[in-house]
Amino acid sequence: MREALALAAHARDAHDEIPVGALVVDAAGNVIGRGWNRNIGDHDPSAHAEIVALREAGAALGNHRLLGATLYVTLEPCAMCAMAMVHARLARVVFGAFDPKTGAAGSVFDLLGDARHNHRVEIDGGVLADEAGAMLSQYFRAKRERKPAASGDAA
């Protein structure tokens, strides 16, 4: 999770992206995919950190199935990312901060463990949640502070 947090900081500091980082580790413990949010800079609504890491892992393995792999991500996955994880047949997802608005690993939806799917992903949430959540809160606070104040003058 520490490496995922470093990737989130990279997204924030180098690309002014929402600080979410992810990595995929194979069953032997080797990192096979890394990603950070790139949707703003890449003009790609699907370029969430998890999707970027899953794409890199699939390319590294030469397979769209990531059997036995674990994905570490700093924020609870959204519905799009959760379903990509189900389709990739990930064994496990470990995430940091819970997302009470769009979380799909138990907060709002439980797509990873839904019994209607032919594959379920083990979930481990809240790992270094305070650190991950603080990074996100600080990013959005700084964004709000940079916005020019609305003029109170009514013409």
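These numbers were taken from a predicted model, which means no experiment stands behind them. Here the residue numbers are simple positions, counted from 1 along each chain's written sequence. Residues qualify for local features only when their pLDDT is at least 70, as the model is predicted, and side-chain atom pairs are given and counted only at 80 or more; totals for whole chains, interfaces and linings, by contrast, use all residues. Note that the side-chain values use all heavy atoms of the structure and ignore hydrogens as well as water.

*Asks:* I would appreciate a short explanation of the pattern of salt bridges in the present structure.
*Replies:* One side chain can pair with another of opposite charge once the charged atoms of both are near each other. By definition, a salt bridge exists where a carboxyl oxygen of Asp or Glu is found within 4 Å of a side-chain nitrogen of Lys or Arg. The final tally for this structure, using the stated rule, is nine salt bridges. Here Lys 143 ties to Asp 16 by a salt bridge, and the two come within 2.7 Å at their closest N and O atoms. Note that Lys 143 is positioned in helix α5 (residues 129–146) and Asp 16 in the loop between α1 (2–15) and β1 (21–25), a separation of 127 residues in sequence. Summary of the burial criterion: residues with accessible area below 20% of their type's maximum are buried, those above 50% are exposed, and those between are partly exposed, where the area comes from a 1.4 Å probe applied to protein chains only. Residue Lys 143 is classed as partly exposed on the basis of its relative accessible area of 28%. Close ionic contact of Arg 55 with Asp 44 constitutes a salt bridge, the shortest N to O distance being 3.9 Å. Within this pair, whereas Arg 55 is found in helix α3 (residues 49–61), its partner Asp 44 is found in the loop between α2 (39–42) and α3, the two being separated by eleven residues in sequence. Since its relative accessible area comes to 47%, Arg 55 is described here as partly exposed. Numbering of helices and strands runs from the N terminus; a helix is a DSSP stretch of H or I covering at least four residues, while a strand is a stretch of E covering at least two.

*Asks:* Hey, could you run me through the layout of surface pockets in this one?
*Replies:* One simple way to see leftover space: roll a probe sized like a water molecule over the atoms. Taken as a whole, the largest pocket encloses approximately 540 Å³ of empty space. Put plainly, a pocket is an open set of points on a 1 Å grid over the protein atoms alone with protein on both sides within 12 Å along at least five of seven lines, a cavity is a set where a 1.4 Å probe fits but cannot get out, and a lining residue has an atom within 4 Å of a point. Taken together, 20 residues line the largest pocket, and the ones lying closest to its centre are Leu 75, Asp 99, Thr 102, Leu 136 and Phe 140. Top contributing element to the lining of the largest pocket by residue count: α5, with four residues. Asp, Glu, Lys and Arg are counted as charged, while Ala, Val, Leu, Ile, Met, Phe, Trp, Tyr, Cys and Pro are counted as nonpolar; the rest, among them Gly, fall into the polar class. In terms of residue class, the lining of the largest pocket is built from ten nonpolar, six polar and four charged. Grid points are joined across faces, edges and corners, and a volume is the space filled by probe spheres set on the points.

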